[in-house]
Each structure stands twice: as C-alpha cells, then as structure tokens.
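One-letter residues, chain by chain:
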Amino acid sequence: MTTEGHFGADSPTEDLSGVPGRGAWSRPEDTSVYPTMVFEGPQPEAPQRRRIPARLLIMAWVVLLMTVVLVLVNVVTWSALTTRNDERVDGALSQEIGEFQEFAQVGVDPGTGEAFTDVSTLVRAHLERQYPDEAEILFAWVEGSETAGGGAGGAPGGAETPAGRIRQGQEPPYDLSADADAVTAILEDPNARGTADSPAGPVEWEKIRVLPPDGDGASGWFVIGYFTESDEDTVITTMQTIALVSLVGLLVASTAAWWVAGRILAPVRLIRQTAAYITEEDLTRRIDVSGRDDIAALAEQFNSMLDRLEGAFTSQRQFVDDAGHELRTPITIVRGHLELMGDDPEERREVVRLVTDELDRMARIVEDLLLLAKSQQPDFLRPEDASLAELTSDIDAKVRKLGDRDWRLESVAEGVSRLDPQRVTQAVVQLAANAVRHTAPGSTLRIGSTVSGPDVLFWVTDEGPGIPAEEHGRIFERFSRGGGAARGDRGAGLGLAIVRAIAEAHHGRVDLRSAPGAGSTFTLVIPTIAGREYA
C-alpha cells in the first residue's frame, strides 16, 4: 500500500526533508511512502507473574517432607511387622518339627516305657503331649492302614476317623487333615515346606517323613500347619491405626507449620508493607526489630538501608536548597549591574570587574557544594600509607603562602599512617585560610602534627577574636559564618563543613578549643587503626 500527495499537520508520517541525505519532497513521483503503524492510547502493561506466598511455600515443603517421612515410616513398619510374622511362623514350624524329631529319636513311649513298634503309635503318643497354638494344626498320615484313631487316640467321642489320619485333639481354625484334596497336595508336594489355601485363610505348612522304628511296617508323614490370616489381620489393623495417626499428625503439623511460618515471616511482611509505604517524601518509617535470628538481621539491614537512603535524599535536597539559596544572591547582583550598565567605558570596566568577581564566587560555591556532595560517595577518599613528617612539611610550605603572618611549625609527627594526604592537606589548608581571614597581618599562627594514642592530630592555632561557646557546633554547618560575617567575610560558609566532611570520611572528627578574645585552635583528629576500611 502506498500513499501519494501532501500530508497535513496531523499526519503521523515523519517529515524527512530536514534529515541529512534526504532531499526535499519536491517530486512526489520519486518518493514512496510506506505505511506507518500508529499506536493510540496507553500501552498494555506486561502481565505480572502470579506470586506464591512464602508462607504457603514453607507449609507445602513441611507437609511434603512430613508426608515422605510418614510414608517411609509406614512402609518400614509394615515391612518389619510382616517380617516378624514370617519369622514367627518359621520359628513355630521349625520348633514343632524339631520336637517331633527329638521325640522320635528317643523312640520310647513315656507312658509304658516300651519302645515304639509302629509309626501310628509314635505319632499318637507325640500328639497327646502337644499343646499347639490356636493358629496351628498338627496331624499325621500313616500309609497302608485301614483305620486309625482320631484326635489324641481317636475322634472326639471315640468315633473312628478315615483311615490313615491322626490329628491333635483341640480344634484348629480349619481341619486341614480332613480335606482330602489339601492333604493330597501337601503330601505329594516335593518340597518340605509350602503354602496351601483353606477356608480359614492361607496355611504355612511343613512336613517330615516318618519311617517305622524297626524298618518293617507302614511309613507316614508328620505335618505342622500354621494359619496366617489372624496375624495378617493384626498387621492390617496395626497399619490402619498407624496410617490414621499419621494423617492426624500430618494435619496437626500442617496447621503448626502455617502458624510458625506466619510468625517467622511477620517481619518480612512488615518489611514489604514498609517498603510499599516508603516514598521520596517520607523515608522516616522503620521496622521494629526483635529477636536475634536471621529475620531480625534482615530487618536491621533494611533499616540501615533506609537510613542510607534517607541520608542520600536529605543530602540531595540540602544540596539543591543550598545551591538555590547561595546562588540567588550573586545572580541578582550580576543581573542588576548588567541592567543598569551605561555606555561609559569606565563604568563598563567596573561592571565587568564586579560581574567577574561574582561569577568567581559562584564557581567557588558550586565547587564546594559538589565537594560536600561527593564526600558521601565511596570514592571520596583515596587512602594510602603516607609519611606524617613529609605530609606536615608539605602543609607548612603551602600555608605560608596564604598571607603575611608569623607562621610557626610547633611539632612534626613521626611514622606512617593510612589516610588520604590530599584531603588532609585540603582540610588543614582550609583551617589555615580561615585563620588568616580572621587575623591581622603579622599575627602568629601555629600549625603542627603529632601522634596521640591511636590518633593523628593536625592543628591550626590563631590569635583571632575567638568563637563563643554557643557557636562551636553551628559554625561547622553549611553556610554558617559565625561571628566572621560581621567583619565583612564574603565566604560562602562552606569551609568548615568541608573540613568536617573530610574528617568524618576518615572516621575522625574536628575538635575546637576557643573562647572570645583568646584565639582558636582547630584540631583534625584522624584514627590510625591499621587496615581500616573507608566507606
């Protein structure tokens, strides 16, 4: 699609006539205009990812961990119970077989004291003396006999039983010996131990071949069976109880995890809410810190960050306010002189001199304000290991050029200290310049340096009018001139603020000892702690 012709003022297509390399649109036939896509109205906001609350995540992880642990506990418990049941069954089967083997090896009837002569008598005598468990069944099967006595010498009530079967007297859960198919399957099984099904549940059995004592006569089988359904039901009931307790415990743990996570994350929510309410106009909100855990440490760090932000914004606003306040006066002076300047050459030269002087003062104010603003930055200082004696000598050589005064170097410190020699020189020279400004020519000014304990001291002493005690703190504020303003001081009042900023950047301070009529001593105190880190 192309469009030809002229475009109105509201056309969304850009006019390229003034772009280098593009000719004027004097010949429409030489120009092709491509369609321009214009979006009207606000652009759609990018969809925000749905956030999952940390409290829910913590509870979910706790629940997941406990679920895994409880499942593992249930599996291990079930395995332990089934293994113990298997071991109990194996022990019962082996014990009964062992007792029968011992009894057969003796081969003497305890009742008559005579040796056994056939398998039937041997088995019956052994069964009469056994008291099997409720889940056990003991029976024998004698081959080649037509009839045999019932349980413990015969069937209950003395009735005869099918040929070949001899069973214990008490009733088992199911009379497996009377089940011909089950007996046939057991006796014909080539293995000595196995499992059979019955109406009373699975039966673990073990058999042993019984030979006649004298080698002549019918042989037989001795069989011990164990019904395992009761034990399996016990395991199932136990596992159901454990599973129910696990579910209840999981529910209680989930509730506790939700409550504990809420308690732990309460400071985090408070941090988020505080951050949401913080604006550039209000940085005063802080978080109440309680406890000694990581959350409390996070809250403390957040408060420290707010302190730094508040300091940065305050410094920025103060810089703007100070700049506007101090620059307004010289700008007004310059404008007034320029508006009233006449044609007289002498008058013009005087106006240019005054304007130049005001512009120089404005430049100094801007430089000082920028220096104060930079004092809050990490790269304000460039510390190095400096010789104190050499630094003091350099400062003494520089301050002697500030004015016609009786300069005296009282003391020179020895040793090496880690500091920024340029900033220290700037601070001491500023103190010396203030002393020159407030004293008369020929007055005695003393400077020096020394090491006092963990600190390095640089001082400047003058014989000026002194400073009242109530002004000792105020003169270090920005644009504060103290009593010097009465003597026609045209300084911006930023010198001592710069000195204090340099001292504080070294983690030090500026001490003042002064009284009206007794002069003043300004002392720059800088710690000499080895390996100190500067912000």
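Reading the values: rules and limits
- Residues numbered from 1 in each chain as written.
- Predicted model: local features only at pLDDT ≥ 70, side-chain atom pairs only at ≥ 80, totals over all residues.
- Heavy atoms only, no water.
- Helix = DSSP H or I, 4+ residues; strand = E, 2+ residues; numbered from the N terminus.
- Buried < 20%, exposed > 50% of the residue type's maximum accessible area, 1.4 Å probe, protein only.
- Contact = heavy atoms within 4.5 Å.
- Areas by Shrake-Rupley, 256 points an atom, 1.4 Å probe, with all protein chains shown as cover.
- Patch = residues over 30% accessible without salt bridge, like charges linked within 9 Å, V, L, I, M, F, W, Y side chains within 5 Å.
- Salt bridge = Lys/Arg side-chain N within 4 Å of Asp/Glu carboxyl O.
- Lys, Arg positive; Asp, Glu negative; His and termini not counted.
- Charge placed at Lys NZ, Arg CZ, Asp CG, Glu CD.
- Pairing = 2+ DSSP bridges.
- Phe/Tyr/Trp six-rings, centres within 6.5 Å; stacked < 30°, edge-to-face > 60°.
- Axes fitted to C-alpha atoms, helices over the stretch in contact; angles between N-to-C directions.
- Arc of directions from axis to C-beta.
- Polar contact = N/O pair within 3.5 Å; in protein donor to acceptor, adjacent residues only side chain to side chain.
- Parallel < 35°, antiparallel > 145°, perpendicular 65-115°, else oblique.
- Left-handed = near helix turned anticlockwise from the far one by under 90°.
- Nonpolar A, V, L, I, M, F, W, Y, C, P; charged D, E, K, R; others polar.
- 1 Å grid on protein atoms, 1.4 Å probe; cavity = no way out; pocket = protein on both sides within 12 Å on 5 of 7 lines; lining within 4 Å.
- Points joined across faces, edges and corners; volume = space filled by probe spheres on them.

Undergrad: Sorry, what's going on with the overall build of the chain here?
TA: Looking only at helices and strands, the chain has nine helices and twelve strands in total. Scored against the burial criterion, the 535 residues of the chain give a buried share of 36%. Excluding contacts between residues fewer than 6 apart, the proportion of contacts in the chain whose partners are at least 24 apart in sequence is 65%. With the model as given, the accessible surface of the chain reaches about 32,400 Å², and the carbon-plus-sulfur share is 54%.

Undergrad: In this structure, what is going on with a negative patch on the surface? I would like to understand it.
TA: On the surface, a cluster of negative charge is made up of Asp86, Glu87, Glu229, Glu232 and Asp233. Every element with two or more residues in the negative patch is listed here: α1 (54–106) and α4 (229–277). For the negative patch, the element with the most residues is α4, which contributes three residues. Along the polypeptide, Glu87 turns up in helix α1.

Undergrad: Looking at this structure, I do not really get the pairing of strand β9 (residues 444–452). What am I missing?
TA: Regular strands place their side chains on alternate faces of the sheet. For strand β7 (residues 406–411) and β9, the ladder comprises five bridges, and the chain directions are parallel. The residue bridging Trp407 from the neighbouring strand is Leu445, located in β9. When β9 meets strand β10 (residues 455–462), the two strands line up antiparallel, connected through seven bridges. Looking at β10, one finds that Ser452 is bridged to Asp455. The turn linking β9 back onto β10 is made up of two residues, and Gly453 within it adopts a positive phi angle of 65°.

Undergrad: How should I be thinking about the packing of aromatic side chains in this particular structure?
TA: Aromatic ring pairs are reported here in terms of the distance separating the ring centres and the angle at which the planes meet. Here the structure, examined in full by the defined rule, presents three aromatic pairs. Pairing Phe100 with Phe222 gives two aromatic rings, centres 4.2 Å apart and planes at 0°, and the pair type is stacked. In this pair, Phe100 is assigned in helix α1 and Phe222 in strand β5 (residues 220–227), connecting sequence segments 122 residues apart. Note on Phe100: relative accessible area 2%, which makes it buried.

Undergrad: Is there a simple way to think about the sheet that holds strand β11 (residues 509–514) in this case?
TA: Neighbouring strands of a sheet are bound in pairs by backbone hydrogen bonds; such pairs are parallel or else antiparallel. Spatially, β7-β9-β10-β12-β11 is the arrangement adopted by the five strands of the open sheet, whose pairing is mixed. Sheet topology places β7 and β11 at the edges, where each strand pairs with a single neighbour. Each adjacent strand pair in this sheet contributes to an overall mean axis angle of 15°, direction not counted. In this fold helix α8 (residues 421–437) packs onto β7, β9, β10 and β12 (520–527), with an angle of close to 20° to the strand it touches most, β10.

Undergrad: When you look at the side chain of Ser219 in this model, what are you seeing that I'm missing?
TA: The topology assignment puts Ser219 in the loop between β4 (203–210) and β5. Other than its neighbours up to four places away in sequence, Ser219 contacts Val119, Trp141, Val142, Glu143, Arg209, Val210, Leu211 and Pro212.

Undergrad: So what exactly am I meant to see when it comes to helix α3 (residues 180–188) here?
TA: Since the α-helix advances by 3.6 residues per turn, residues separated by three or four positions end up pointing in the same direction. Those residues of α3 lying buried are Ala182, Val183, Ile186 and Leu187. Buried residues along α3 cover an arc of 125° about the axis, so they all sit on one side. α3 presents Ala180, Asp181 and Glu188 as exposed residues on the side facing more than 90 degrees away from its buried surface. You can read the cap of α3 off the contacts: a side-chain oxygen lies 3.3 Å from the backbone nitrogen of Asp181, and it is on Asp179.

Undergrad: How should I be thinking about the packing of α1 against helix α2 (residues 119–128) in this particular structure?
TA: Two measures define how a pair of helices packs: the angle their axes make with one another and the distance between the axes. Put simply, α1 and α2 touch, their axes get as near as 11 Å, and they point 125° apart. One way to sum up the angle between α1 and α2 is to call them oblique. At the point where α1 passes α2, the crossing takes the right-handed sense. Here α1 contributes Glu99, Phe100, Phe103 and Ala104 to the contact with α2, which in turn contributes Leu122, Val123, Ala125 and His126. The class makeup of the residues in the contact of α1 with α2 is six nonpolar, one polar and one charged.

Undergrad: Would you explain empty space enclosed by the protein in this entry?
TA: Empty pockets left among the atoms are what a rolling probe the size of a water molecule brings to light. Inspection of every chain in the model, using the stated rule, returns one cavity of 30 Å³ or more. Roughly 40 Å³ of volume is contained in the largest cavity. If you go around the largest cavity, the residues you meet are Thr392, Ile395, Val428, Ile447, Gly448, Phe458 and Trp459. Of all the secondary-structure elements, those providing two or more residues to the lining of the largest cavity are α7 (388–399), β9 and β10.

Undergrad: For this particular structure, what's the right way to read a nonpolar patch on the surface?
TA: Residues Ile52, Leu56, Leu57, Trp61, Leu64, Val68 and Trp258 make up a contiguous nonpolar surface patch of about 710 Å² in total accessible area. Looking at the nonpolar patch, the element that brings in the most residues is α1, giving five residues. Checked against the element boundaries, Leu57 lands in helix α1.

Undergrad: Any chance you could explain the packing of α1 against α4 here in plain terms?
TA: Where α1 meets α4, the closest approach of the two axes is 9 Å, and the angle between their N-to-C directions is 160°. One element, α1, and the other, α4, form an angle in the roughly antiparallel class. Crossing handedness for the pair α1 and α4: right-handed. Classifying every residue of the contact of α1 with α4 by side-chain character gives 21 nonpolar, nine polar and four charged.

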